[in-house]
Amino acid sequence: MSTTQTTLARETKLRAAESATTLDPATWDRILQTVRSAHPGLNRLWFDQLAPRSFSNGVIQIATLTPAQLSFCQSQCQQPFTEAAQAATGRLVAVSFLCDNLPTGGVFNEGDQPHPLNPDYMFEHFVTGPCNRLPQAACVAVAEQPGKAYNPLFIHGGVGLGKTHLLQAVCQKVLERQRNARILYLTCDSFINQFMNAIENNEMSQFRHRYRHVDVLVIDDIHFLAKRDRTQEEFFHTFNTLYQNHKQIILSADCPPGEIPELEERLVSRFNWGLVARIDKPCYETRVAILQKKARIRQLVLPDDVICYVAQKIESNTRELEGAITKLQGMGMLNGGKIDLELAKAALGETEAPEQQRITIQQIFDVVTKYYNVRPSDLQGKKRHKSTTFPRQVCMFLARRYTRYSLEELGGYFGGRDHTTVMHGIRSIEKDIRVDREVQNQVAQLEIQLSGR
Ligand code: ADP
Ligand code: MG
């Protein structure tokens, strides 16, 4: 570079520095306050860790502390922060998120895209009790010494007990300690799909390369390998290669290895080589602690009697506890922000309804079709337009919550869909409820209609 060029470059930099101002702390406080009160479902305690970096050319740059926070903010907070920033500054500004701690390795999904981990799924947010102490400790040990502590690590337990939470916590911890670690995190379904695609497109060597050159391979819900003979065969070789190279393998399932139906014996035995740890249902004290922690993360104030009531009422699993919190939050908003025991009883009362008063799937279909003005055949048909998929998914979500049908049976009610499709629909609404106040309200209203039918 010539001297003139260097001078020019320096001047450009100087000018940029001049025009970039910092946002004054009071404005930042107002923005944060606005987002928090306008989007309680989105609000997280860790928003405190966000820091405005610069304010130039109408763009406010906001730094996140971790990559998981970054992906959460980029996918869900853009609009709320932009609106709040415009309100606080009275100008047509935009926000943009960044993160200085981006890993050079990273957590990837099957398509080699960075995998969006849930920033809530950290060890710090995981409550331990007699039900999960061993699996939690094993996960911490593995995160500290991948490939050395227990290999493979196999976590099993019923739905909603924290398997995915723990698996993602390991990924986040490994990356925190080792920025260049290469981690592949995916569900078993994705693994199966990738494998089928690779065969179809003649891309087996790329497929093998991708799965056999990682430091940590994490496969969630491995029980979906049941009856998948060819995928099992392929996974067997993947497993051996990684294991021989002392790479960490972490698996989760809804049952121990020996109980996965039609799983090859050689896989069963390998899954038992390392540590197999079970997560049980949380006991009362743990449920109380989980509710307290979840409320804290969302900065939601729940009185003690409400916490005790919910913990007594909901015994099945932690996802239900979380659902109860979401519901309380939603109904609290309709109630002017007040959450007390009476509201909690109204919100959760129906779970105690005697058998004959149970909500039927027909009633759920009725309420949903009327509310969204769609026909039952739309919910059962194959149309993939958002105007039908969304009500269909809401209907799946409510049916799962209020009836006792299995995912397979529900698939039948929705036009012979696969249980994974139903699962996907339910997850999608669960996510919407967490981040979208409008959806939260709609579901709360439908639930009120159902309980008052
Ligand atoms: P699984 O994968 O076993 O079905 P998840 O990991 O998805 O269950 O957990 C369901 C929900 O319950 C998640 O929101 C998770 O954060 C929460 N959860 C489960 N166990 C705990 C725990 N011990 N402490 C805090 N949250 C938990
Ligand atoms: Mg899971």
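Rules used in this analysis
- Residues numbered from 1 in each chain as written.
- Chains lettered and ligands numbered in written order.
- Predicted model: local features only at pLDDT ≥ 70, side-chain atom pairs only at ≥ 80, totals over all residues.
- Heavy atoms only, no water.
- Near = heavy atom within 4 Å.
- Polar contact = N/O pair within 3.5 Å; in protein donor to acceptor, adjacent residues only side chain to side chain.
- Areas by Shrake-Rupley, 256 points an atom, 1.4 Å probe, with all protein chains shown as cover.
- Helix = DSSP H or I, 4+ residues; strand = E, 2+ residues; numbered from the N terminus.
- Nonpolar A, V, L, I, M, F, W, Y, C, P; charged D, E, K, R; others polar.
- Domains from an automatic or database assignment.
- Contact = heavy atoms within 4.5 Å.
- Buried area = accessible area lost by both parts, 1.4 Å probe.
- Salt bridge = Lys/Arg side-chain N within 4 Å of Asp/Glu carboxyl O.
- Pairing = 2+ DSSP bridges.
- Axes fitted to C-alpha atoms, helices over the stretch in contact; angles between N-to-C directions.

Visitor: In this structure, what is going on with the site of ligand 1? I would like to understand it.
Guide: Near ligand 1 there are 18 residues, and of these Val127, Gly160, Thr164, His165 and Glu322 occur at the shortest range. With respect to ligand 1, the backbone of Gly162 contributes an N or O atom lying 3.1 Å from an oxygen atom. In the environment of ligand 1, an oxygen atom lies 2.7 Å from a nitrogen or oxygen atom belonging to the side chain of His165. Starting from 560 Å² of accessible surface for ligand 1 in isolation, the protein chains cover 96%. Sorting the residues of the shell around ligand 1 by element identifies α6 (163-177), α11 (284-297) and α13 (318-334) as the ones contributing at least two each. A breakdown of the residues in the shell around ligand 1 according to their chemical character gives six nonpolar, eight polar and four charged. Looking at the shell around ligand 1, you find at least three residues from each of domain 2 (110-279) and domain 3 (283-351).

Visitor: How should I be thinking about the domain arrangement of the protein chain in this particular structure?
Guide: How large an interface is tends to be reported as the accessible area lost when its parts come together. For the protein chain, the assigned domains are domain 1 (3-99), domain 2 (110-279), domain 3 (283-351) and domain 4 (354-453). Domain 1 puts six residues into the contact, and the matching count from domain 4 is five residues. Taken together, both faces of the contact between domain 1 and domain 4 bury some 440 Å²; the carbon and sulfur share is 47%. When residues of domain 1 are sorted by the area they lose upon contact with domain 4, Ala38, Gly41 and Gln76 head the list and together hold 59% of the total. The interface formed by domain 1 and domain 4 includes zero salt bridges. In terms of residue class, the side of domain 1 that touches domain 4 is made up of three nonpolar, two polar and one charged.

Visitor: Could you clarify how one ought to interpret the sheet that holds strand β1 (residues 51-56) in this entry?
Guide: Strand pairs in the sheet, formed through backbone hydrogen bonds, run parallel or antiparallel to each other. Read from one edge to the other, the open sheet built from three strands follows the order β1-β2-β3, with strand pairing classed as mixed. The open sheet terminates on both sides in strands that have one partner only, identified here as β1 and β3 (94-99). Sheet twist, expressed as the mean angle between neighbouring strand axes with direction ignored, is 25 degrees. Relative to β3, strand β2 (residues 59-64) runs parallel, the two being bridged by six bridges. If you follow Thr64 over to β3, its bridge partner there is Cys99.

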